[in-house]
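Close look at the chain arrangement
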Amino acid sequence: MTTISDPHVPTVAAEPIEPQLLDKDASRSRLAVVVGVGLTLFAVLNATAAIYLYRGITDLRAVEGRLEELGAFEQRIVARLDTVNNGFQSRFERLDSQLQGSFNEVNGNISRLEQNAPPARDDGSAGAAEPAVVTTSTVADASSNNIAAEPAAVDTPRPAKRKSTAPPAPNPSYQRTETPDGKVYYRKIN
């Protein structure tokens with residue numbers, strides 16, 4: 001093969017395919033600077049995160065302390081409420097026992113009145129004779145016989161005793177129920 005060459009055409013020299021931008025020493029120093037800056041940024045970020053974490057833990061401990069105080073406060077309130085509740089409960093129990101005692105006394109008086117009531121006659125009059133009524137004139141006559149005996153009896157007349165009557169019959173529109181422990185209940189019949 002023969003080559004034809006033109007003397008007027010400039011010759012092209014062969015150039016390397018990739019030119020070197022940096023030499024080896026310059027690239028190493030730049031790499032060291034980049035790695036140093038990255039490590040510095042990483043250390044600053046770690047320090048900032050540690051500071052925020054420390055603040056968060058401190059705040060969390062403060063909140064836990066307040067919650068413990070809240071628990072103690074709740075226990076004090078519960079204790080006071082229990083005290084008040086026990087006081088009211090004992091008062092209610094005392095009032096209940098007093099009422100039960102009063103009701104039992106009233107029921108006992110009613111039963112005694114029913115037992116002591118004279119039986120009713122067919123003609124509608126009471127079976128027992130009325131007690132004699134003492135008036136002030138009879139007391140004055142008796143005291144004239146014995147003046148020095150009791151002068152105070154003459155000054156104050158005694159009230160006359162009334163004859164005891166049976167309690168009125170219960171209303172037919174109510175039903176009476178008595179429990180085994182002695183309580184009496186009335187229920188309206190419709």
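Since we're looking at a predicted model, the values are computed, not measured.

Rules behind the numbers
- Numbering of residues begins from 1 in every chain and follows the order in which that chain's sequence is written.
- For a predicted model such as this one, the threshold for reporting local features is a pLDDT of at least 70, and the threshold for listing and counting side-chain atom pairs is 80 or more; totals across whole chains, interfaces and linings nevertheless cover every residue.
- With hydrogens and water excluded, all non-hydrogen atoms of the structure serve as input to the side-chain values.
- The way it works is that DSSP assigns letters per residue, a run of H or I at least four long becomes a helix, a run of E at least two long becomes a strand, and they are numbered from the N terminus.
- Think of it in three bands: residues with accessible area under 20% of the maximum for their type are buried, residues over 50% are exposed, and the middle band is partly exposed, with areas taken using a 1.4 Å probe on protein chains only.
- The criterion used for residue contact is that any of the two residues' heavy atoms lie within 4.5 Å.
- By convention in these notes, a salt bridge is any Lys or Arg side-chain nitrogen within 4 Å of a carboxyl oxygen on Asp or Glu.
- pLDDT gives the predictor's per-residue confidence on a scale running from 0 to 100.
- Any two strands with at least two DSSP bridges between them are considered paired.
- Any residue with relative accessible area above 30% and no salt bridge may belong to a patch, with like charges joined within 9 Å and the nonpolar Val, Leu, Ile, Met, Phe, Trp and Tyr side chains within 5 Å.
- Calculation of accessible area relied on Shrake-Rupley with a 1.4 Å probe; when residues are assessed, cover is drawn exclusively from the protein chains displayed.

What about the overall build of the chain?
In terms of regular secondary structure, the chain is built from 3 helices and 2 strands. What you see in the chain, going N to C, is helices and strands ordered as α-α-α-β-β. Within the chain, the fraction of its 190 residues that count as buried is 1%. By sequence separation, contacts in the chain at least 24 residues apart represent 22% of the contacts at least 6 residues apart.

Regarding the pattern of salt bridges
Summed over all chains, the structure comprises 1 salt bridge. A salt bridge links Glu178 to Arg176, with the nearest nitrogen and oxygen atoms 3.7 Å apart.

Side note on the confidence of the model for the chain
Chain-level statistics for the chain give a pLDDT mean of 75 and a share of 62% at 70 or above. Looking over the chain, one finds the lowest element-wise mean pLDDT in helix 2 (residues 136-145), namely 46, and the highest in helix 1 (residues 24-116), namely 91. A low-confidence stretch, residues 127-140 (pLDDT under 50), is modelled with 9 contacts involving residues beyond four sequence positions or located in other chains. Segment residues 142-154: pLDDT under 50, and 3 contacts once partners within four positions in sequence are set aside and those in other chains are kept.

What about the pairing of strand 1 (residues 174-178)?
Direction of pairing for strand 1 relative to strand 2 (residues 184-188): antiparallel, over a ladder of 5 bridges. Its bridge partner being in strand 2, Tyr174 is matched across the sheet by Lys188.

Some remarks on the pairing of strand 2
Of all 5 residues that make up strand 2, 0 are buried, and the element is exposed over most of its length. What sits between strand 1 and strand 2 in their antiparallel hairpin is a turn of 5 residues, with Gly182 showing a positive phi close to 100°.

Focus on a nonpolar patch on the surface
A cluster of nonpolar side chains, namely Val63, Leu67, Leu70, Phe73, Ile77 and Leu81, defines an oily patch on the protein surface of about 560 Å² accessible area. Along the polypeptide, Ile77 turns up in helix 1.

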